[in-house]
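Structure assessment
Letter by letter, the chains look like this.
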Amino acid sequence: MYSWIQRLYIFLLLVITSFPLKASDDTNSEKFDISATLFHHVLETHDWHVADIPLGGGEYLSITIPLPWLVYNPQKKTIDFFFLLGHSEKEKNQIAQQKGYVLHHEKLYIRNENVLSPDGKPLPEFEKEVEKIGAVWKPKKGSHRVIEQDGTLIALSDELIDLSPSKTVLHMLLVGILLLIIFSKIAKEYQINKDKPPKGLQSMFEPVIIFIRDEVAKPNLGNRYEAFLPYLLTLFFFIWFSNLLGLLPLSSNIMGNISVTAALATLSLILTNINGSKDYWKHIFWFPGVSLPMKFLMLPVELIGIITKPFSLMIRLFANISAGHFMVLSLISLIFLIGKNGTSAGGTIGGILLAIPFTLFIYCLEFLVAILQAYIFTLLTCVFIGQAMASHEEHH
Amino acid sequence: MLPETVVLGEMAIDKMGAAIGAGLAALAAGIGIGRLAAASVESIARQPEASADVRGAMILMAAFVEGVALFGEVICLLIALL
Amino acid sequence: MEIILPKFGLFFWTVVIFLTFFLILRKVAWKPILRALQEREQEIEARLQAAAEAQKKMEQITQQNEKMLQEALLAKEKILKEAQELKAQIENQARQEARLLAEKMRKETLQEVEQIKKSLKDEIKKEVVEMSFYVAEKILSRELRNKKTHDSYVEALISDLQLNPKRVTG
């Protein structure tokens, strides 16, 4: 039997050694582009790229799970749901073009027919803009620009609202289902194991739940903690599990998407402000205990303060998790940089010897960061709500 | 559109600025968290019975310090990417 | 650049997924778990309190028992003492009774002896009288031939008898 630390080590080793495989997506190109690799792994994508299996002779079998597009087209006022199946962006773009869209750098745009006359020439008012690649103009609605695709100039409009269940959304859903399975099982165990000491999953998560209740909720929220506890627990476990899932290969970087953290921070903002006491609003609009001009001076400061608190929540979580992913990916990219993209065997081995210990270290750190950031997000949300709910004394 | 990247010899000066800025943000955060940790450890040593409270406050404050540093880092990232 | 710009789609889905799972988890998991934890804590508290109370009661009972034991010991001693006293009393009484009985018996014996003595005396007297009579007869039968003397003598005897009975009995 292995001890838990050995198991952890083996697990980490497996996780890490599977990364170069993943980074090998980009080995087709002559020069290894770190920036492109990093952003490809960190940003949300519309397909789930599992692996590329080399077939020899520079051919790869790409295993990719396609994910659907769900877009709202404000020009036609329709919601479109479709798959773009294809190995390259060019193939995908062909399917998109048939539906009146253009796929450009993994983003979908409406092919802007409004600026074209029936014969395909740009309308006189747009003539000037449409002739220059990269031109951006904002006529009435949305932002329009011109790109070159397949030797022709296309005008794009980004009015389209992309509601696609991307890889990140899929993984978030996975995290949610995982939470549901684990915690409903635990809840059942509490029914079965009544009057018995906790065991298994129950004893694994009970201390965490009690920690959130006694160390996070109770000291900050006072006697109203019970109403917020389910939210705080969901928040904590959602962030924690997302971070952990993000550390697995083949999964996506959930909390490293600013949209995700922005959503969670917005919920915190709403929760803070709908629970604001009279004193909270008084402190914002009519700061007590200072002179009249100061009161007017404090008003914008306090109003900005409403936003900056959740804003810092958003940035902190996003930056911490992204930074971890960047670190790991950069270190692994070192192998391909030093190894000249696999052409130099010595360089590759040297790169592996250099990168693996560092990656292991960063990975261990990331496991800590995963729970720490979940804790900090929950704690700060709790502190903000507590501050908003509290009735301040007049000495401020 | 933003002005094109200013090139000094082989170097892009905006990227240099971003890198220096990122380094400075990390430095400042390091100093801040270092001072915070020093004070916390000292107070825990002085009053071991209050270690739980001190630790909680330390984590909270470290999060604030780190938050400011991360703002800096994100802005540097923006400069480097734009 | 793209990395720092929030996208509406992902924002929207995050809110939807998070709130959906929050509502489901609250119903399915958090409420039962938190209730179970609270119930268990309350139960533990109640049981600890009950245990403390039971201990208190136990102590009380032990104290009571000790007290009772002490009392019983005292009672035993008292009873023993009483019994001893009673024994002594009974013994005394018995002795006294025995003495009394002995006295009585002695008295009775004495009385009997006295009686026997008396009766013996009477008998002896009788005997003496008879013998005296006999002797007297003998004497008389010889003396009475002389009538005169005889009468005088009888008279003298009789008077003597009447006048001095003590001499006869003594």
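Residues numbered from 1 in each chain as written. Chains lettered and ligands numbered in written order. Predicted model: local features only at pLDDT ≥ 70, side-chain atom pairs only at ≥ 80, totals over all residues. Heavy atoms only, no water.

What follows deals with the overall build of chain C. Helix and strand counts for chain C stand at three helices and zero strands. Moving toward the C terminus, one meets the helices and strands of chain C in the order α-α-α. Across the 170 residues of chain C, 11% fall into the buried class. Accessible surface, chain C as shown: approximately 14,600 Å² in total, 59% of it carbon and sulfur. (Helix = DSSP H or I, 4+ residues; strand = E, 2+ residues; numbered from the N terminus. Buried < 20%, exposed > 50% of the residue type's maximum accessible area, 1.4 Å probe, protein only. Areas by Shrake-Rupley, 256 points an atom, 1.4 Å probe, with all protein chains shown as cover.)

On to the layout of surface pockets, then. One number sums up the size of the largest pocket: a volume of about 1,500 Å³. For the largest pocket, the lining is made up of 39 residues, of which Lys107, Tyr109 and Arg145 of chain A together with Glu2 and Leu5 of chain C are closest to its centre. Among the secondary structure elements, those contributing two or more residues to the lining of the largest pocket are α2 (34-42), β6 (107-111), β9 (152-157) and β10 (161-162) of chain A together with α1 (8-143) of chain C. For the lining of the largest pocket, the leading source of residues is α2 of chain A, giving four residues. (1 Å grid on protein atoms, 1.4 Å probe; cavity = no way out; pocket = protein on both sides within 12 Å on 5 of 7 lines; lining within 4 Å. Points joined across faces, edges and corners; volume = space filled by probe spheres on them.)

Let's shift gears to a nonpolar patch on the surface. Residues and elements named next belong to chain A. On the surface, Trp281, Phe285, Trp286, Leu292, Phe296 and Leu303 cluster together to form a nonpolar patch covering roughly 600 Å² of accessible area. Broken down by secondary-structure element, the contributors of at least two residues to the nonpolar patch are α9 (278-285) and α10 (292-338). It is α10 that contributes the most residues to the nonpolar patch, three residues altogether. Considering the arrangement of structural elements, one finds Leu292 in helix α10. (Patch = residues over 30% accessible without salt bridge, like charges linked within 9 Å, V, L, I, M, F, W, Y side chains within 5 Å. Salt bridge = Lys/Arg side-chain N within 4 Å of Asp/Glu carboxyl O.)

Moving on, we come to the side chain of Asp47 of chain A. Residues and elements named next belong to chain A. Counting through the fold element by element, Asp47 comes out in strand β1 (residues 47-56). Side-chain polar atoms of Asp47 contact the side chain of Lys92, separated by 2.8 Å. Among all residues touching Asp47, those that are not within four sequence positions of it are Thr64, Ile65, Pro66, Leu67, Lys92 and Lys167. (Polar contact = N/O pair within 3.5 Å; in protein donor to acceptor, adjacent residues only side chain to side chain. Contact = heavy atoms within 4.5 Å.)

Frequently, the measure chosen for interface size is the accessible area that the parts lose on association. Opposite the 52 residues of chain A that make contact, chain C presents 36 residues. For the pair chain A and chain C, the summed buried area comes to about 3,900 Å², and 77% of that belongs to carbon and sulfur atoms. In this assembly, chain A and chain C are joined by three salt bridges. The partner of Glu206 of chain A in a salt bridge is Arg40 of chain C, with the nearest N and O atoms 2.5 Å apart. Put simply, chain A and chain C have eight residue pairs in polar contact (both at pLDDT 80 or more) between them. (Buried area = accessible area lost by both parts, 1.4 Å probe.)

In this model, chain C carries an average pLDDT of 85, and 91% of its residues clear a pLDDT of 70 or more. In the model of chain C, helix α3 (residues 165-169) of chain C stands out as the element of lowest mean pLDDT, 52, in contrast to α1 of chain C, which has the highest, 88. (pLDDT = per-residue confidence, 0-100.)

So, on to the interface of chain A and chain B. Between chain A and chain B, the residue contacts involve 14 residues of the former and ten residues of the latter. Summing both sides of the interface, chain A and chain B together bury roughly 1,200 Å²; the carbon and sulfur share of this comes to 83%. Taken together, the connections running from chain A to chain B amount to one salt bridge. Where chain A packs against chain B, one counts two residue pairs in polar contact (both at pLDDT 80 or more). Listed by contribution, the elements that provide at least two residues to the side of chain A that touches chain B are α10 and α11 (345-389) of chain A. Here the side of chain A that touches chain B gets seven residues from one element, more than from any other, and that element is α10 of chain A. For the side of chain A that touches chain B, a count of residues per class yields ten nonpolar, three polar and one charged. (Nonpolar A, V, L, I, M, F, W, Y, C, P; charged D, E, K, R; others polar.)

Before going further, it helps to spend a moment on the sheet that holds strand β3 (residues 69-73) of chain A. All names here are of chain A. The three strands are arranged β4-β3-β10 in an open sheet whose pairing can be described as antiparallel. Each edge of the open sheet is held by one strand with a lone partner, namely β4 (78-82) and β10. In terms of strand pairing, β3 meets β4 through five bridges, oriented antiparallel. Opposite Leu70, over in β4, you have Phe81 as the bridge partner. (Pairing = 2+ DSSP bridges.)

Formed by 83 residues in total, the largest nonpolar core has its most connected members in Phe183 and Phe237 of chain A together with Ile33 of chain C. No other element matches the 14 residues that helix α7 (residues 225-247) of chain A contributes to this core. The contact partners of Ile33 of chain C, leaving out residues within four places of it in the chain, are Phe183, Ile186, Ala187, Tyr190 and Ile209 of chain A. (Core = buried A, V, L, I, M, F, W, Y, C linked by side-chain atoms within 4.5 Å.)

Moving on: the environment of Ile306 of chain A. Residue and element names in this part refer to chain A. Along the chain, the position of Ile306 falls in helix α10. Spatially, the C-alpha atom of Ile306 lies 9.7 Å from that of Phe384, the residues being 78 residues apart in sequence. Those residues in contact with Ile306, other than ones at most four positions away along the chain, are Leu269, Asn273, Tyr280, Trp281 and Ile284.

When the terminal C-alpha atoms of helix α6 (residues 201-221) of chain A are compared, their 28 Å separation across 21 residues agrees well with the 30 Å that a helix rising 1.5 Å per residue should span. Just past α6 of chain A, the residue Gly222 of chain A takes up positive phi, approximately 65 degrees. (Expected span 1.5 Å × (residues − 1).)

Attention shifts here to a negative patch on the surface. A cluster of acidic residues, Asp122, Glu123, Glu127 and Glu130 of chain C, forms a negative patch at the surface. One can find Glu127 of chain C in helix α1. (Lys, Arg positive; Asp, Glu negative; His and termini not counted. Charge placed at Lys NZ, Arg CZ, Asp CG, Glu CD.)

Further remarks concern the pattern of salt bridges. All names here are of chain B. This model, assessed by the stated rule, comprises ten salt bridges over all chains. Glu42 is paired through a salt bridge with Arg46; the nearest N and O atoms lie 3.7 Å apart. Highlighted residues: Glu42 and Arg46, both in helix α1 (residues 13-46), separated by four residues, approximately one helical turn. Using a relative accessible area of 65% as the deciding quantity, one classes Arg46 as exposed.

Turning to the packing of α10 of chain A against α11 of chain A, a few remarks are in order. Contact geometry of α10 of chain A with α11 of chain A gives a least axis separation of 8 Å together with a crossing angle of 175 degrees. It follows from the interaxial angle that α10 of chain A and α11 of chain A lie roughly antiparallel. (Axes fitted to C-alpha atoms, helices over the stretch in contact; angles between N-to-C directions. Parallel < 35°, antiparallel > 145°, perpendicular 65-115°, else oblique.)

To continue, consider the confidence of the model for chain B. Confidence in the prediction of chain B, expressed as mean pLDDT, is 83, and 87% of residues score 70 or more. Per-element confidence in chain B ranges from a low mean pLDDT of 54 for strand β1 (residues 7-8) of chain B to a high of 92 for α1 of chain B.

This paragraph deals with the packing of aromatic side chains. Residue and element names in this part refer to chain A. In this structure the tally under the stated criterion is 27 aromatic pairs over all chains. On the numbers, 6.3 Å between centres and 75 degrees between planes, the contact of Phe205 with Trp240 is edge-to-face. Of this pair, Phe205 sits in helix α6 while Trp240 sits in helix α7, and the two are 35 residues apart along the sequence. In this pair, the class of Phe205 matches that of Trp240, namely buried. (Phe/Tyr/Trp six-rings, centres within 6.5 Å; stacked < 30°, edge-to-face > 60°.)

All names here are of chain A. Despite not being glycine, Lys77 has its phi angle at roughly 55 degrees, a positive value. Mapped onto the secondary structure, Lys77 falls in the loop between β3 and β4. Classification of Lys77 by relative accessible area gives exposed; the value is 60%.

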